[in-house]
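Chain by chain, the residues run as shown.
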Amino acid sequence: MKDIVITSKMINREMRIWLICFLLAFLLNVVAVCIYKTSWVEIFSQIGYVVVISIVFYAILAFFRLVAYGLSKALGIRMKK
C-alpha cells in the first residue's frame, strides 16, 4: 500500500487558499453591515457565520479544482503544482 505524503508546502498553499476565502467572507460581512446600516458589533458577533461561509467558499473552490484536475488527467494536460 502506498503512503500518502502531505508536505508542508501543500498545507501552506491550502491555508492561503482558505485565508483568501475567509477574507472574502469577512469582506462580505462588512459590506452587509454597511448596506443594512447595522451596528459594527455585528462584524464580530457574526464571526461564526463568516467561518461557515468561508468553508462553503473553500468547498466550492475545491470542487472546481477537482473538476479541473479530472479534466487535465482525462485530456492528458499537465497542470502546474
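The notes below deal with the structure included here. Owing to the predicted nature of the structure, the values given are computational and were not obtained by experimental measurement. (Residues numbered from 1 in each chain as written. Predicted model: local features only at pLDDT ≥ 70, side-chain atom pairs only at ≥ 80, totals over all residues. Heavy atoms only, no water.)

1. Brief notes about the pattern of salt bridges
Argument step 1. Following the criterion strictly, the structure yields two salt bridges and no others.
Argument step 2. With its nearest N and O atoms 3.5 Å apart, the salt bridge here joins Glu14 to Arg13.
Argument step 3. One salt bridge in this structure joins Glu14 and Arg65, with 2.7 Å as the shortest N-O distance. Pair noted here: Glu14 is in helix α1 (residues 8-36) and Arg65 is in helix α3 (residues 47-75), with a separation of 51 residues, a long-range link.
Argument step 4. A single network of salt bridges, built from pairs that share partners, joins Arg13, Glu14 and Arg65. (Salt bridge = Lys/Arg side-chain N within 4 Å of Asp/Glu carboxyl O. Helix = DSSP H or I, 4+ residues; strand = E, 2+ residues; numbered from the N terminus.)

2. A word on the packing of aromatic side chains
To describe a pair of aromatic rings, one takes the distance between the centres and the angle between the planes.
Argument step 1. Across all of its chains, the model carries three aromatic pairs by this definition.
Argument step 2. Through a chain of ring-to-ring contacts, three or more aromatic side chains come together here, namely Trp18, Phe22 and Phe26. (Phe/Tyr/Trp six-rings, centres within 6.5 Å; stacked < 30°, edge-to-face > 60°.)

3. What to know about the packing of α1 against α3
Argument step 1. Packing of α1 against α3 brings their axes to within 8 Å, and their N-to-C directions diverge by 130°. In terms of their interaxial angle, α1 and α3 are classed as oblique. Relative to α3, α1 is oriented so that their crossing is right-handed. Taking contact as the criterion, the partners of Arg13, Glu14, Ile17, Trp18, Cys21, Phe22, Leu24, Ala25, Phe26, Leu28 and Asn29 in α1 are, on α3, Ile47, Val50, Val51, Ile53, Ser54, Ile55, Phe57, Tyr58, Leu61 and Arg65. (Axes fitted to C-alpha atoms, helices over the stretch in contact; angles between N-to-C directions. Parallel < 35°, antiparallel > 145°, perpendicular 65-115°, else oblique. Left-handed = near helix turned anticlockwise from the far one by under 90°. Contact = heavy atoms within 4.5 Å.)

4. Concerning unusual backbone geometry
Argument step 1. Non-glycine residue Lys37 carries a positive phi angle of around 50°.
Argument step 2. Among the secondary structure elements, Lys37 is positioned in the loop between α1 and α2 (42-45).

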